[in-house]
Amino acid sequence: MARIIAPRAAERLGQPIVVENRPSASTVVGVEAVARARPDGYTLLIIDTTLPVLPTLNRQLPFDIFKDLMPISFAVSGPTTLIVRNSLPAHSLQDVIALARASPGRLTYATGSVGGTAHLAGLLLQEAAGIKLTHVPYAGAGQAANDLVGGHIDITFSAISAIQGLIEAGSVRAIATTAEQRLPSMPDLPTFRESGLPEVVVAAHWGFYAPGGTPPQIIQQLSAAFVAAVREPAVSSDLEHRGYVALGTTPEEQARILREEFEKWGGVMRRAGAQGG
(Lines give C-alpha, C1' and ligand atoms only; values in the text may rest on other atoms or scores of the structure.)
Protein backbone atom coordinates (compact mmCIF):
# COMPACT_ATOMS: atom_id res chain seq x y z
CA MET A 1 0.00 0.00 0.00
CA ALA A 2 2.69 2.43 1.06
CA ARG A 3 4.82 1.66 -1.99
CA ILE A 4 1.95 2.60 -4.32
CA ILE A 5 1.21 5.92 -2.62
CA ALA A 6 4.65 7.05 -1.43
CA PRO A 7 6.23 8.09 -4.78
CA ARG A 8 3.34 10.41 -5.63
CA ALA A 9 3.29 11.96 -2.16
CA ALA A 10 7.07 12.39 -2.28
CA GLU A 11 6.77 14.55 -5.40
CA ARG A 12 4.42 16.92 -3.57
CA LEU A 13 6.58 17.08 -0.45
CA GLY A 14 9.84 17.53 -2.32
CA GLN A 15 11.33 14.77 -0.18
CA PRO A 16 12.04 11.09 -0.90
CA ILE A 17 9.97 8.62 1.10
CA VAL A 18 11.66 5.37 2.10
CA VAL A 19 9.26 2.51 2.90
CA GLU A 20 10.55 0.12 5.55
CA ASN A 21 8.67 -2.95 6.76
CA ARG A 22 8.72 -3.41 10.54
CA PRO A 23 6.77 -6.62 11.25
CA SER A 24 6.54 -8.64 14.48
CA ALA A 25 4.45 -8.77 17.66
CA SER A 26 1.15 -7.99 15.89
CA THR A 27 2.54 -4.64 14.64
CA VAL A 28 3.70 -3.46 18.10
CA VAL A 29 7.35 -3.24 17.01
CA GLY A 30 6.59 -0.95 14.07
CA VAL A 31 4.08 1.20 15.92
CA GLU A 32 6.43 1.73 18.85
CA ALA A 33 9.24 2.79 16.51
CA VAL A 34 7.07 5.64 15.22
CA ALA A 35 5.47 6.50 18.57
CA ARG A 36 8.96 7.01 20.03
CA ALA A 37 10.41 8.84 17.01
CA ARG A 38 11.21 12.54 16.93
CA PRO A 39 7.99 14.46 16.12
CA ASP A 40 9.40 16.30 13.12
CA GLY A 41 7.35 14.74 10.31
CA TYR A 42 10.18 12.58 8.97
CA THR A 43 9.18 9.27 10.56
CA LEU A 44 5.65 8.09 9.77
CA LEU A 45 3.53 4.99 10.15
CA ILE A 46 1.07 3.28 7.84
CA ILE A 47 -1.04 0.59 9.48
CA ASP A 48 -4.42 -1.07 9.07
CA THR A 49 -7.28 -1.79 11.46
CA THR A 50 -4.92 -3.72 13.75
CA LEU A 51 -4.12 -0.37 15.43
CA PRO A 52 -7.46 0.23 17.21
CA VAL A 53 -7.44 -3.42 18.36
CA LEU A 54 -4.03 -3.27 20.06
CA PRO A 55 -5.21 -1.82 23.40
CA THR A 56 -7.66 -4.71 23.80
CA LEU A 57 -5.18 -7.29 22.55
CA ASN A 58 -2.36 -6.10 24.81
CA ARG A 59 -3.04 -4.21 28.03
CA GLN A 60 0.65 -3.48 28.53
CA LEU A 61 1.41 -1.61 25.32
CA PRO A 62 4.52 0.58 25.45
CA PHE A 63 2.51 3.42 23.88
CA ASP A 64 -0.95 5.00 23.84
CA ILE A 65 -2.50 4.91 20.36
CA PHE A 66 -4.48 8.08 21.05
CA LYS A 67 -1.71 10.13 22.68
CA ASP A 68 1.52 8.92 21.08
CA LEU A 69 0.30 8.97 17.48
CA MET A 70 -1.28 11.77 15.44
CA PRO A 71 -3.65 10.94 12.55
CA ILE A 72 -2.67 12.23 9.10
CA SER A 73 -5.13 10.55 6.73
CA PHE A 74 -6.87 7.26 6.12
CA ALA A 75 -5.54 6.43 2.68
CA VAL A 76 -7.69 3.48 1.63
CA SER A 77 -10.21 0.96 2.85
CA GLY A 78 -10.77 -2.57 1.74
CA PRO A 79 -12.79 -5.65 2.67
CA THR A 80 -11.48 -9.12 3.35
CA THR A 81 -12.61 -12.32 1.64
CA LEU A 82 -13.38 -15.78 3.00
CA ILE A 83 -11.28 -18.39 1.16
CA VAL A 84 -11.38 -22.18 1.58
CA ARG A 85 -9.12 -25.02 0.53
CA ASN A 86 -10.23 -26.75 -2.64
CA SER A 87 -10.85 -30.09 -0.95
CA LEU A 88 -13.27 -28.62 1.59
CA PRO A 89 -16.84 -29.62 0.62
CA ALA A 90 -18.11 -26.06 0.79
CA HIS A 91 -19.12 -23.86 -2.14
CA SER A 92 -21.11 -21.23 -0.27
CA LEU A 93 -21.13 -19.47 3.07
CA GLN A 94 -24.04 -21.60 4.23
CA ASP A 95 -22.00 -24.73 3.41
CA VAL A 96 -19.16 -23.45 5.62
CA ILE A 97 -21.58 -22.67 8.44
CA ALA A 98 -23.19 -26.12 8.17
CA LEU A 99 -19.80 -27.84 8.38
CA ALA A 100 -18.85 -25.76 11.41
CA ARG A 101 -22.12 -26.51 13.19
CA ALA A 102 -21.81 -30.22 12.49
CA SER A 103 -18.36 -30.37 14.12
CA PRO A 104 -17.77 -27.37 16.42
CA GLY A 105 -14.11 -26.36 16.54
CA ARG A 106 -13.03 -28.81 13.87
CA LEU A 107 -12.66 -26.26 11.07
CA THR A 108 -9.45 -24.26 11.27
CA TYR A 109 -9.06 -20.69 10.11
CA ALA A 110 -5.68 -19.08 9.57
CA THR A 111 -4.70 -15.45 9.94
CA GLY A 112 -1.52 -13.53 9.19
CA SER A 113 -1.54 -11.80 12.59
CA VAL A 114 -3.43 -11.74 15.86
CA GLY A 115 -5.75 -8.74 15.88
CA GLY A 116 -5.51 -8.19 12.14
CA THR A 117 -8.43 -7.83 9.76
CA ALA A 118 -8.61 -11.57 9.05
CA HIS A 119 -8.74 -12.34 12.77
CA LEU A 120 -11.48 -9.77 13.35
CA ALA A 121 -13.53 -11.08 10.41
CA GLY A 122 -13.24 -14.62 11.78
CA LEU A 123 -14.43 -13.52 15.22
CA LEU A 124 -17.34 -11.60 13.72
CA LEU A 125 -18.33 -14.58 11.53
CA GLN A 126 -18.39 -16.87 14.56
CA GLU A 127 -20.42 -14.39 16.59
CA ALA A 128 -22.95 -13.74 13.82
CA ALA A 129 -23.39 -17.38 12.76
CA GLY A 130 -23.15 -18.92 16.23
CA ILE A 131 -20.35 -21.27 15.22
CA LYS A 132 -16.96 -22.27 16.61
CA LEU A 133 -13.78 -22.24 14.53
CA THR A 134 -10.23 -22.98 15.65
CA HIS A 135 -7.92 -20.00 15.11
CA VAL A 136 -4.44 -20.74 13.74
CA PRO A 137 -2.31 -17.56 13.76
CA TYR A 138 0.67 -17.30 11.43
CA ALA A 139 3.59 -14.86 11.34
CA GLY A 140 2.39 -13.60 7.95
CA ALA A 141 -0.44 -13.89 5.44
CA GLY A 142 1.82 -15.49 2.83
CA GLN A 143 2.50 -18.60 4.90
CA ALA A 144 -1.17 -18.88 5.79
CA ALA A 145 -2.06 -18.81 2.07
CA ASN A 146 0.57 -21.44 1.30
CA ASP A 147 -0.81 -23.81 3.93
CA LEU A 148 -4.33 -23.24 2.64
CA VAL A 149 -3.22 -24.24 -0.85
CA GLY A 150 -1.47 -27.26 0.65
CA GLY A 151 -4.65 -28.32 2.44
CA HIS A 152 -3.15 -27.99 5.93
CA ILE A 153 -5.83 -25.54 7.07
CA ASP A 154 -9.48 -25.19 6.09
CA ILE A 155 -10.21 -21.49 5.61
CA THR A 156 -8.66 -18.06 5.83
CA PHE A 157 -9.59 -14.44 5.26
CA SER A 158 -7.51 -12.37 2.87
CA ALA A 159 -7.44 -9.11 0.96
CA ILE A 160 -8.45 -9.98 -2.58
CA SER A 161 -5.24 -8.48 -4.02
CA ALA A 162 -3.12 -10.96 -2.07
CA ILE A 163 -5.06 -14.05 -3.11
CA GLN A 164 -6.63 -13.28 -6.49
CA GLY A 165 -3.92 -15.08 -8.44
CA LEU A 166 -4.52 -18.27 -6.46
CA ILE A 167 -8.28 -17.96 -6.97
CA GLU A 168 -7.90 -17.48 -10.72
CA ALA A 169 -5.48 -20.42 -10.89
CA GLY A 170 -8.03 -22.63 -9.13
CA SER A 171 -5.70 -23.28 -6.18
CA VAL A 172 -8.25 -22.06 -3.61
CA ARG A 173 -11.96 -21.19 -3.62
CA ALA A 174 -13.43 -17.78 -2.74
CA ILE A 175 -16.70 -17.96 -0.79
CA ALA A 176 -17.79 -14.43 0.16
CA THR A 177 -16.48 -10.92 0.70
CA THR A 178 -17.07 -8.68 3.72
CA ALA A 179 -17.65 -5.65 1.45
CA GLU A 180 -21.00 -3.88 1.45
CA GLN A 181 -21.27 -4.45 -2.31
CA ARG A 182 -19.69 -6.86 -4.75
CA LEU A 183 -16.13 -6.09 -5.77
CA PRO A 184 -15.58 -4.71 -9.29
CA SER A 185 -12.53 -6.96 -9.60
CA MET A 186 -14.62 -10.09 -8.74
CA PRO A 187 -18.24 -9.39 -9.67
CA ASP A 188 -19.32 -13.04 -9.28
CA LEU A 189 -18.23 -13.19 -5.63
CA PRO A 190 -21.22 -12.66 -3.27
CA THR A 191 -21.08 -10.57 -0.12
CA PHE A 192 -21.74 -11.92 3.38
CA ARG A 193 -24.84 -9.75 3.39
CA GLU A 194 -26.18 -11.50 0.27
CA SER A 195 -25.22 -14.86 1.76
CA GLY A 196 -27.37 -14.49 4.87
CA LEU A 197 -25.10 -12.73 7.37
CA PRO A 198 -25.74 -8.97 7.05
CA GLU A 199 -23.80 -8.30 10.28
CA VAL A 200 -20.51 -9.37 8.73
CA VAL A 201 -19.38 -6.19 7.01
CA VAL A 202 -15.68 -5.54 7.55
CA ALA A 203 -13.79 -2.68 5.96
CA ALA A 204 -10.18 -2.34 7.05
CA HIS A 205 -8.73 1.16 6.98
CA TRP A 206 -5.09 1.83 6.19
CA GLY A 207 -3.96 5.12 7.66
CA PHE A 208 -0.89 7.31 7.96
CA TYR A 209 0.20 8.51 11.41
CA ALA A 210 2.95 10.74 12.83
CA PRO A 211 4.48 10.70 16.32
CA GLY A 212 2.51 12.52 19.02
CA GLY A 213 3.54 16.12 19.37
CA THR A 214 4.17 16.69 15.66
CA PRO A 215 3.35 20.36 14.91
CA PRO A 216 -0.13 20.87 13.39
CA GLN A 217 1.26 22.64 10.32
CA ILE A 218 3.38 19.59 9.50
CA ILE A 219 0.38 17.29 9.95
CA GLN A 220 -1.64 19.42 7.53
CA GLN A 221 1.19 19.48 4.97
CA LEU A 222 1.59 15.70 5.13
CA SER A 223 -2.16 15.15 4.98
CA ALA A 224 -2.54 17.33 1.88
CA ALA A 225 0.26 15.43 0.12
CA PHE A 226 -1.10 11.96 0.90
CA VAL A 227 -4.71 12.88 0.09
CA ALA A 228 -3.69 14.32 -3.27
CA ALA A 229 -1.56 11.26 -4.04
CA VAL A 230 -4.34 8.79 -3.20
CA ARG A 231 -6.87 10.69 -5.30
CA GLU A 232 -4.73 10.76 -8.44
CA PRO A 233 -6.67 8.81 -11.10
CA ALA A 234 -3.76 6.46 -11.81
CA VAL A 235 -3.28 5.68 -8.11
CA SER A 236 -6.97 5.28 -7.25
CA SER A 237 -7.43 3.07 -10.33
CA ASP A 238 -4.51 0.88 -9.28
CA LEU A 239 -5.95 0.57 -5.79
CA GLU A 240 -9.41 -0.32 -7.10
CA HIS A 241 -7.89 -3.02 -9.31
CA ARG A 242 -6.39 -4.51 -6.15
CA GLY A 243 -9.76 -4.51 -4.38
CA TYR A 244 -9.41 -1.29 -2.38
CA VAL A 245 -11.22 2.05 -2.27
CA ALA A 246 -9.22 5.29 -2.19
CA LEU A 247 -10.28 7.51 0.73
CA GLY A 248 -8.02 10.42 1.57
CA THR A 249 -9.67 11.60 4.81
CA THR A 250 -8.77 14.62 6.92
CA PRO A 251 -6.88 14.08 10.21
CA GLU A 252 -10.08 14.89 12.10
CA GLU A 253 -12.10 12.28 10.19
CA GLN A 254 -9.37 9.72 10.76
CA ALA A 255 -9.34 10.39 14.51
CA ARG A 256 -13.11 9.89 14.69
CA ILE A 257 -13.03 6.59 12.74
CA LEU A 258 -10.11 5.32 14.82
CA ARG A 259 -12.11 5.87 18.01
CA GLU A 260 -15.19 4.19 16.50
CA GLU A 261 -13.17 1.14 15.45
CA PHE A 262 -11.55 0.95 18.88
CA GLU A 263 -15.03 0.67 20.42
CA LYS A 264 -16.42 -1.73 17.79
CA TRP A 265 -13.57 -4.20 17.46
CA GLY A 266 -12.58 -4.05 21.09
CA GLY A 267 -16.11 -5.17 21.89
CA VAL A 268 -15.97 -8.04 19.41
CA MET A 269 -12.67 -9.25 20.85
CA ARG A 270 -13.81 -8.96 24.46
CA ARG A 271 -16.99 -10.91 23.76
CA ALA A 272 -14.90 -13.61 22.09
CA GLY A 273 -12.44 -13.67 25.00
CA ALA A 274 -9.64 -12.79 22.60
CA GLN A 275 -8.04 -9.95 24.53
CA GLY A 276 -4.42 -10.21 25.51
CA GLY A 277 -2.72 -9.78 28.84
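Everything below is about the structure printed above this text.
Remember, predicted model here, so these are calculated numbers, not experimental data.

Draft legend 1. Up close: the packing of aromatic side chains. As enumerated under the stated definition, the model contains four aromatic pairs in all. On the basis of an interplanar angle of 20° and a centroid distance of 6.4 Å, the ring pair of Phe157 and Phe192 is categorised as stacked. Here Phe157, found in strand E6 (residues 155-158), pairs with Phe192, found in the loop between strand E7 (172-177) and strand E8 (204-211); they are 35 residues apart in sequence, far enough to count as distant. In this structure, Phe157 and Phe192 share a single accessibility class: buried. Measuring from ring centre to ring centre gives 5.2 Å for Trp206 and Tyr244, while their planes differ by 80°; the resulting arrangement is edge-to-face. Placement of Trp206 in strand E8 and of Tyr244 in the loop between helix H9 (233-241) and strand E9 (245-246) is noted, with a sequence separation of 38 residues between them. Across the pair, exposure class does not vary: Trp206 and Tyr244 are buried alike.

Draft legend 2. Layout of the nonpolar core. Ranked by size, the top nonpolar core spans 48 residues in total, and within it Leu51, Leu125 and Phe192 carry the most contacts. Listed in part, the 21 residues of the second largest apolar core include Ile72, Ala204, Trp206 and Val235.

Draft legend 3. Structural context of the sheet that holds strand E5 (residues 134-137). Taken together, five strands build an open sheet; the order of strands is E5-E4-E6-E3-E7 and the sheet is mixed. Whereas interior strands pair on both sides, the edge strands pair on one side only; in this sheet they are E5 and E7. Averaged over neighbouring strand pairs, the angle between their axes works out to 30° when direction is ignored. Here four bridges tie strand E3 (residues 81-85) to E6, and the two strands are oriented antiparallel to one another. Paired with Leu82 across the two strands is Phe157, which belongs to E6. Packed on one face of the sheet, helix H7 (residues 160-168) meets E3, E6 and E7 and runs near 140° to E7.

Draft legend 4. A look at the packing of helix H3 (residues 50-57) against helix H10 (residues 251-272). With their axes 8 Å apart at the nearest point, H3 and H10 run at an angle of 50° to one another. By the angle class used here, H3 and H10 are oblique. When the axes of H3 and H10 are compared, the crossing they make is right-handed. Seen from H3, the contacting residues are Leu51, Pro52, Val53, Pro55, Thr56 and Leu57; seen from H10, they are Leu258, Glu261, Phe262, Trp265, Gly266, Met269 and Arg270. Here the contact of H3 with H10 is composed, by residue class, of nine nonpolar, two polar and two charged.

Draft legend 5. Representation of the pattern of salt bridges in the model. All told, the structure shown has 10 salt bridges when counted by the stated rule. Between Arg85 and Asp154 there is a salt bridge, with its nearest N and O atoms 2.7 Å apart. On the criterion of sequence distance, the pair formed by Arg85 in strand E3 and Asp154 in the loop between helix H6 (141-149) and E6 is long-range, its members being 69 residues apart. One exposure class covers both Arg85 and Asp154, and it is buried. Of the charged contacts in the structure, one is a salt bridge between Glu127 and Arg271, with a shortest N-O distance of 2.8 Å. Of the two residues, Glu127 is situated in helix H5 (residues 117-129) and Arg271 in helix H10; the sequence distance between them amounts to 144 residues. Here the salt bridges do not stand alone but share partners, grouping Arg8, Glu11, Arg12 and Glu232 into one network.

Draft legend 6. Inspection of the environment of Gly207 at higher detail. Structurally, Gly207 is set in strand E8. When the C-alpha atoms of Gly207 and Leu120 are compared, they prove to be 18 Å apart, with 87 residues separating the residues in sequence. Leaving out residues up to four positions away in the same chain, Gly207 has contacts with Leu45, Ile46, Ile47, Ser73, Phe74, Ala75 and Gln254.

Each value, and the rule that gives it
- Residues numbered from 1 in each chain as written.
- Predicted model: local features only at pLDDT ≥ 70, side-chain atom pairs only at ≥ 80, totals over all residues.
- Heavy atoms only, no water.
- Phe/Tyr/Trp six-rings, centres within 6.5 Å; stacked < 30°, edge-to-face > 60°.
- Helix = DSSP H or I, 4+ residues; strand = E, 2+ residues; numbered from the N terminus.
- Buried < 20%, exposed > 50% of the residue type's maximum accessible area, 1.4 Å probe, protein only.
- Core = buried A, V, L, I, M, F, W, Y, C linked by side-chain atoms within 4.5 Å.
- Pairing = 2+ DSSP bridges.
- Axes fitted to C-alpha atoms, helices over the stretch in contact; angles between N-to-C directions.
- Contact = heavy atoms within 4.5 Å.
- Parallel < 35°, antiparallel > 145°, perpendicular 65-115°, else oblique.
- Left-handed = near helix turned anticlockwise from the far one by under 90°.
- Nonpolar A, V, L, I, M, F, W, Y, C, P; charged D, E, K, R; others polar.
- Salt bridge = Lys/Arg side-chain N within 4 Å of Asp/Glu carboxyl O.

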